[in-house]
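Understanding the architecture of this molecule
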Amino acid sequence: MIEIPMPEVSFVFMLCLLVRIPVFRTEEVLHLRDRHHYLRYRTFNDKNLVTSKEKAEDILAKYGYLKCGFRRQKRSVFPDFFHVLPEMRNRLKSHPGCTRSDLENAIKNYQKTYNTPQTGRLDAGTLQIMSESRCGNSDDESAAVPFQPVQLSVRSGYPPVSRFKREVPKLTLSLNDIIMASSGKPFTSLAPSSQLTFSRRRRWMEDYIEQIESGNFDRKLEKIQEYLQFRRKKRSLHDIAEIYAFNSEVVTWRLVESGYSNQLTINTQRSALALAFRMWAEVIPLLFQEDTLSPINNVDILIAFGRGDHQNCPNHFDGFGGQLSHAVKITGNSEIHVDDDEYLTVGSDYGTNLVKVATHEVGHVLGMLHTSRNYSIMYAIYSQVIPNNNFELGWEDRKSVQKMHGTCEGRFDTVFDWVRRRPDGQLIYNTYFFRANHYWMYENRFNRTRYGDPLPIMPEWKGVPNKIDGFVHVWTYLQDKSYFFKGRYYYLYDSINDQVAPGYPRTISSDFRNIKGSKSPRIPDNIDSVFFDQRNTVLYFFKGKYVYAYDVERGNEGCCLPGYPRKINLEFPSTDPKSKLPHNLDAVYYSYSDRSMYFFKGKYYWKNRAFNPLDRRRRNTIVGPKLISSKWHDICDTEM
């Protein structure tokens, strides 16, 4: 057997003890004053510190590293990620069948997973990691055991379960600013502001609670209840082809009444869980909807807090420290359990952040497994590398979950770049994607959408209607104006005051008139898109299979230049028939960061390969189509 040096154990014990002593803020102590004595007790009496070989063997067996000494139990049809039962670990002790080599290999595998020197010995560093709080799911999914659904008892003493503004200012810039910047070198990538991320998340949770308390949440749920029931009946007609996949675009969840936490208000619990689901919804095409009305058996994911022997679950919680939570997937449904003996917090730098824990467990429900990368949300140990309040899903987490659930696709009403100046004087080009009543800001320098998007168009863009037809920024040496178009109207947007200018909207027919003496048709209403071409300072309106060229230098009488309207495919030809532009385009826009012209239709985009903003000959060559999601990542709807 392997011996443990006593000085090392003593050192680890003292180190872990010091790490586990939290520094309480006064308001947090008052908030938990009914449990303050208990918090003190569990802080100084953490039985989950690993200070002996026997406890270390338990950890190795519990999380799937030590598999000798017992017969594997029959697995359930659907892997539930659970680890070895307590009685199975006792069998290991009562029927020792592990050799020294078995133990050394188990320790080495554990050390490899958690990126420590693979000594095969229970050294101080290994014991410290074993003592850390972590997810209760096994690191080896093959250690799964059968599971019984949650017991739906009613807990007495609890009441019945009865946005935020754009952070980036818009700024109008001169033509010289834009021309000079568009020909410069790419900007140095900067890390997003963690404080802004936390601020957006906090406001989102506050809004969620407000929706619950005002009754708007229940009213919305009643409206979509018929759809949810139809979805459930449709799902019941099909076998689940993949154990990790939900065969529906909407997944429902519920915090069960028998499983409320003692530490946070019910609405705080619900908003924190909702935020955890939303973080995954921002990167995959699944929508997550809290459902408090459907029969309990029709809800896809049930969530409960508990202590020790909880909710008819064979995986007992172990008190403060140790196991924080676990997730299980059974036939057609999933469950998430959180240990209520932990010091659970929301929006605090102290304790165990509920959003962080829930996001990890939702990842398991979606099919994600533990990873050895400590910067990943799927790292089994409650990682101090990942901050409590402003953490986000990393690039690898996003790509991993998308391999199972796909990427977000969909058409947009319009796409455009908005230019702003950084404090150091450099210009940043963020791309805005509008769809129906919400929008995303795509941060090109980070190659991803802004965390927390989408946001509602109103009141973020004051006076701009939903479902707009197009946007254009007209800038010459004499003009610098931004317009939105919808139906027979257009809106001049005042970027200084961040709202539609007084006196607008106005009709397109009144202000985009024909040149005197011209027999060309006027600019039509209900356009498909609009584009300002800086190569010749002409405004192009797209409608059906035609494009109209409007001379902005002529003021309100600039339609149309000779030869227009013209067929789109003659104006923007392609060398390959497969690259031919379709009719009724969704959006046409110029990307300042790419210095390129793009066309959108459905989930595809085309590029004007010959486009150069300084090319006065206006050469056009269209290539494509390609999936929008292959270039602009994670533009996902998050709500029904």
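Anyway, here's the lowdown on the structure attached to this text. Note that the structure is a prediction, hence the values are computed from the model and not measured.

Helix and strand content of the chain: 16 helices and 28 strands. When the 640 residues of the chain are sorted by exposure, 56% land in the buried category.

Bringing the pairing of strand 4 (residues 301-306) into the picture now. The element strand 4 is extensively covered by neighbouring structure, given that six of its six residues are classed as buried. Neither face of strand 4 is left uncovered, since the one carrying I301, I303 and F305 and the one carrying L302, A304 and G306 both have all their residues buried. With three bridges joining them, strand 2 (residues 250-255) and strand 4 adopt parallel strand pairing. Across the sheet, W253 pairs through a bridge with I301, a residue of strand 4. Pairing between strand 4 and strand 6 (residues 333-339): six bridges, direction parallel.

What follows is about the pairing of strand 16 (residues 489-494). The buried count for strand 16 comes to five of six residues, which makes it a mostly enclosed element. Of the pairings in the sheet, the one linking strand 15 (residues 480-486) to strand 16 comprises five bridges and is antiparallel in character. Across the sheet, Y483 pairs through a bridge with L492, a residue of strand 16. Linking two consecutive strands that pair antiparallel, namely strand 15 and strand 16, is a turn of two residues; a positive phi of about 60° is found at G487 within it. Note that strand 16 and strand 18 (residues 506-507) share two bridges and pair antiparallel. Bridging across to strand 18, Y490 finds its partner in R506. For strand 16 and strand 17 (residues 499-500), the ladder comprises two bridges, and the chain directions are antiparallel.

Turning to helix 11 (residues 266-281), a few remarks are in order. The terminal C-alpha atoms of helix 11, which comprises 16 residues, lie 23 Å apart, in line with the 22 Å expected from a rise of 1.5 Å per residue. When you tally the buried positions in helix 11, you get 16 out of 16 residues, the bulk of the element.

Formed by 49 residues in total, the largest nonpolar core has its most connected members in W253, W280, F288, I301, I303, I336 and L366. Sorting the residues of this core by element identifies helix 9 (194-214), helix 10 (216-236), strand 2, helix 11, strand 3 (287-290), strand 4, strand 6 and helix 12 (354-365) as the ones contributing at least two each. Residue contributions to this core peak at ten residues, all from helix 11. With 44 residues, the next largest nonpolar core counts C559, C560, L561 and Y564 among its residues.

Under the counting rule described, the total for this entry stands at two disulfides. At a sulfur-sulfur separation of 1.9 Å, the disulfide partner of C408 is C636. Here the S-S torsion is close to 100°, and the disulfide linking C408 with C636 is therefore right-handed. Placement of C408 in the loop between helix 13 (395-405) and strand 9 (414-421) and of C636 in the segment after strand 28 (622-627) is noted, with a sequence separation of 228 residues between them. According to the relative accessible area criterion, C408 is buried, its value standing at 11%. With a relative accessible area of 0%, C636 lands in the buried category.

Residue P454 is bonded to the preceding D453 through a cis peptide linkage, with omega at 15°. Considering the arrangement of structural elements, one finds P454 in the loop between strand 12 (448-449) and strand 13 (455-456). Cis rather than trans, the peptide bond between M458 and P459 has omega equal to 10°. Its place among the elements puts P459 in helix 14 (residues 457-460). The phi dihedral of A436 falls on the positive side, at around 55°, and the residue is not glycine. Along the chain, A436 falls in the loop between strand 10 (427-435) and strand 11 (438-443). Unlike most non-glycine residues, R595 shows phi in positive territory, near 55°.

Following both chains from N to C, one finds helix 4 (residues 53-62) and helix 6 (residues 100-113) inclined at 70°, their axes separated by 11 Å at the closest point. By the angle between their axes, helix 4 is roughly perpendicular relative to helix 6. Once helix 4 is placed against helix 6, the crossing between them reads as left-handed. Every residue of helix 6 that contacts helix 4 at E57, I59 and L60 is listed here: L103, A106, I107 and Y110.

Attention now goes to helix 13. Along helix 13, the residues that are buried comprise D397, R398, V401, Q402 and H405. In a view along the axis of helix 13, the buried residues occupy a sector of 125°, so they form one face of it. On its buried face, helix 13 is in contact with helix 11. Just downstream of helix 13 lies G406, where phi reads positive at about 85°.

What counts, and where the lines are drawn
Residues numbered from 1 in each chain as written. Predicted model: local features only at pLDDT ≥ 70, side-chain atom pairs only at ≥ 80, totals over all residues. Heavy atoms only, no water. Helix = DSSP H or I, 4+ residues; strand = E, 2+ residues; numbered from the N terminus. Buried < 20%, exposed > 50% of the residue type's maximum accessible area, 1.4 Å probe, protein only. Pairing = 2+ DSSP bridges. Expected span 1.5 Å × (residues − 1). Core = buried A, V, L, I, M, F, W, Y, C linked by side-chain atoms within 4.5 Å. Disulfide = S-S within 2.5 Å. Axes fitted to C-alpha atoms, helices over the stretch in contact; angles between N-to-C directions. Parallel < 35°, antiparallel > 145°, perpendicular 65-115°, else oblique. Left-handed = near helix turned anticlockwise from the far one by under 90°. Contact = heavy atoms within 4.5 Å. Arc of directions from axis to C-beta.

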